[in-house]
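# Coordinate analysis (summary)
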Amino acid sequence: MGERERARDFTDRARALGAFHTEHLRAAAPYRSLARHADVSPSTVIDWLRGRSFPQDLGKFRAVVRALLDETERADAHHHGEPLTVGHGFPHDRRPPRLLGGARLPQHR
């Protein structure tokens, strides 16, 4: 896969993550809260999750993903142990695979 295809794949997955956030976690994890985890502005997080910009520092993007994973686990705990419906091409355990151009995110514990 070439660089252009990897960038498109990343953008598609970031948009899917953004859709998941909007559908399931927006109230629990507002953009401002996600931005604090990554030390960026809320508008930067919005741009990433809408696929409008590519993160220059993938560590900051990972921080946003980790915060979303943490909120997903908290939300699951409050839904009587029933997992959230994920959809959008993510596996049922809510770990978005290969988001970072072929590099896997560290497994969330």
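As a reminder, the structure under discussion sits directly above these lines.
Let me sum up the structure you'll find in this document. (Residues numbered from 1 in each chain as written. Predicted model: local features only at pLDDT ≥ 70, side-chain atom pairs only at ≥ 80, totals over all residues. Heavy atoms only, no water.)

## Examining the environment of arginine 13
- When you line up the elements, arginine 13 lands in helix H1 (residues 3-25).
- Classification of arginine 13 by relative accessible area gives partly exposed; the value is 24%.
- Separated by 36 residues in the primary sequence, arginine 13 and leucine 49 place their C-alpha atoms 8.8 Å from one another. (Helix = DSSP H or I, 4+ residues; strand = E, 2+ residues; numbered from the N terminus. Buried < 20%, exposed > 50% of the residue type's maximum accessible area, 1.4 Å probe, protein only.)

## Points about H1
- Across its 23 residues, H1 extends 31 Å between first and last C-alpha, which sits within 8% of the 33 Å expected from 1.5 Å per residue.
- Those residues of H1 not exposed but buried are Phe10, Thr11, Ala14, Ala16, Leu17, Gly18, Phe20, His21 and Leu25. (Expected span 1.5 Å × (residues − 1).)

## Examining the nonpolar core
- Counting 22 residues, the largest nonpolar core has Leu17, Leu34, Val45, Leu49, Phe61, Val64 and Leu68 as its most contacted members.
- The dominant element in this core, judged by the number of residues it contributes, is helix H4 (residues 58-78), at eight residues.
- Residues within four places of valine 64 in sequence aside, it is in contact with Leu34, Ala38, Val45 and Trp48. (Core = buried A, V, L, I, M, F, W, Y, C linked by side-chain atoms within 4.5 Å. Contact = heavy atoms within 4.5 Å.)

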